[in-house]
Amino acid sequence: MKGVGSVRELEKETDKESPLHSMDGRIKLIILIFIIVYAVFSTQIAVMIFLEIYLLLLIYISNVSFKTSLKRVLLLLPFGGFIIAFQPFIQPGNVIWTGAFGLQITDGGLMWAILLLSRLIVALTSIVLLSSISPMQEVVQSFRKLGMPREFAMILSLMIRFLFMFYDELHRIM
């Protein structure tokens, strides 16, 4: 996945022309935060499918590469996927499979894992879309204009810079 997370690749995406790229940063931020919050509180998989289709439509409208967006989502997926993998075994419900060492998968656990996975995918797609249509400094400035304390905005800005610097150094070392 060479180049998926480099600063230059991200900035190349944010330089494109589209209706979403030219939209005010605060509006983009509010809409995508609303989508994430709505996804987190929703309990229906159909809603997650609708939200993901909507986000894919926004990616299409913004002229952002589907391939690059998918790579970025897949790159981030393991962070939450690790927690999701245990859910079928620890949630209560009717046992639908029994394996070695007494491990049991329950229907409730499987449905909960699918719901968590769909929430994670919607949230990651939202974040990838935002980072593809808005330079990171615009995101920080938008948070600031929406009332984020100056100190938090500065910490977010530093975190973003060091995250990309760490990523670039990791690639150089590899």
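Residues numbered from 1 in each chain as written. Predicted model: local features only at pLDDT ≥ 70, side-chain atom pairs only at ≥ 80, totals over all residues. Heavy atoms only, no water.

Okay, a nonpolar patch on the surface next. A contiguous nonpolar surface patch, about 1,300 Å² in accessible area, is contributed by Phe82, Ile83, Phe86, Phe89, Ile90, Ile96, Trp97, Phe101, Leu103, Leu110, Met111 and Ile114. Contributing elements (two or more residues each) for the nonpolar patch: helix 5 (66–90), strand 1 (95–98) and helix 6 (107–133). Counting residues per element, the nonpolar patch draws most heavily on helix 5, at five residues. If you trace the backbone, Ile114 turns up in helix 6. (Patch = residues over 30% accessible without salt bridge, like charges linked within 9 Å, V, L, I, M, F, W, Y side chains within 5 Å. Areas by Shrake-Rupley, 256 points an atom, 1.4 Å probe, with all protein chains shown as cover. Salt bridge = Lys/Arg side-chain N within 4 Å of Asp/Glu carboxyl O. Helix = DSSP H or I, 4+ residues; strand = E, 2+ residues; numbered from the N terminus.)

Inspection of the secondary structure puts Ile83 in helix 5. The exposure class assigned to Ile83 is exposed, which follows from its relative accessible area of 53%. Separated by 33 residues in sequence, Ile83 and Leu116 place their C-alpha atoms 9.3 Å apart. (Buried < 20%, exposed > 50% of the residue type's maximum accessible area, 1.4 Å probe, protein only.)

This next bit is on the packing of helix 4 (residues 45–61) against helix 6. Running from N to C, helix 4 and helix 6 point in directions that differ by 20 degrees, and their axes come no closer than 10 Å. Relative to helix 6, the element helix 4 lies roughly parallel. In this structure, the crossing between helix 4 and helix 6 has a hand that is left-handed. Of the residues in helix 6, those touching helix 4 at Ile45, Met48, Leu51, Glu52, Leu55, Leu58 and Ile59 are Met111, Ile114, Leu115, Ser118, Arg119, Ile121, Val122, Thr125, Ser126 and Leu129. Among the residues making up the contact of helix 4 with helix 6, the classes are represented as 12 nonpolar, three polar and two charged. (Axes fitted to C-alpha atoms, helices over the stretch in contact; angles between N-to-C directions. Parallel < 35°, antiparallel > 145°, perpendicular 65-115°, else oblique. Left-handed = near helix turned anticlockwise from the far one by under 90°. Contact = heavy atoms within 4.5 Å. Nonpolar A, V, L, I, M, F, W, Y, C, P; charged D, E, K, R; others polar.)

Take the confidence of the model for the chain next. In the predicted model, the chain carries a mean pLDDT of 88, and the fraction of residues at 70 or more is 94%. Helix 4 holds the highest mean pLDDT among the elements of the chain, 97, whereas helix 1 (residues 7–14) holds the lowest, 70. (pLDDT = per-residue confidence, 0-100.)

This part takes up the nonpolar core. With 18 residues, the main nonpolar core has Leu32, Ile35, Met48, Leu51, Leu55, Val122 and Leu129 as its most contacted residues. Going through the elements one at a time, helix 3 (25–41), helix 4 and helix 6 are the ones with two or more residues in this core. The greatest single-element share of this core, amounting to six residues, is contributed by helix 4. For Val122, the residues in contact, after removing those within four places along its chain, are Ile35, Ala39, Met48, Leu51, Glu52 and Leu55. Ranked by size, the runner-up nonpolar core spans eight residues in total, among them Ile84, Ala113, Leu120 and Leu124. (Core = buried A, V, L, I, M, F, W, Y, C linked by side-chain atoms within 4.5 Å.)

The subject of this paragraph is the side chain of Gln87. Relative to the assigned elements, Gln87 resides in helix 5. Discounting residues that sit within four places of it in the chain, Gln87 has contacts with Gly109, Trp112, Ala113 and Leu116.

Turning to helix 7 (residues 136–145), its buried residues are Met136, Val139, Val140 and Ser142. The arc enclosing the buried residues of helix 7, seen along the axis, measures out at 160 degrees, which places them on a common side. (Arc of directions from axis to C-beta.)

Contact geometry of helix 3 with helix 7 gives a least axis separation of 9 Å together with a crossing angle of 85 degrees. The angle between the axes of helix 3 and helix 7 places the two elements in the roughly perpendicular class. Residues Gly25, Arg26, Lys28, Leu29 and Ile33 of helix 3 lie in contact with helix 7, whose contacting residues are Glu138, Val139, Ser142, Phe143 and Lys145.

Turning our eyes to something else, we now look at the pairing of strand 1. Looking along a regular strand, one sees side chains alternate from face to face of the sheet. Here strand 1 runs beside strand 2 (residues 104–106); their pairing, made up of three bridges, is antiparallel. Residue pairing for strand 2: Trp97 is matched across the bridge by Ile105. (Pairing = 2+ DSSP bridges.)

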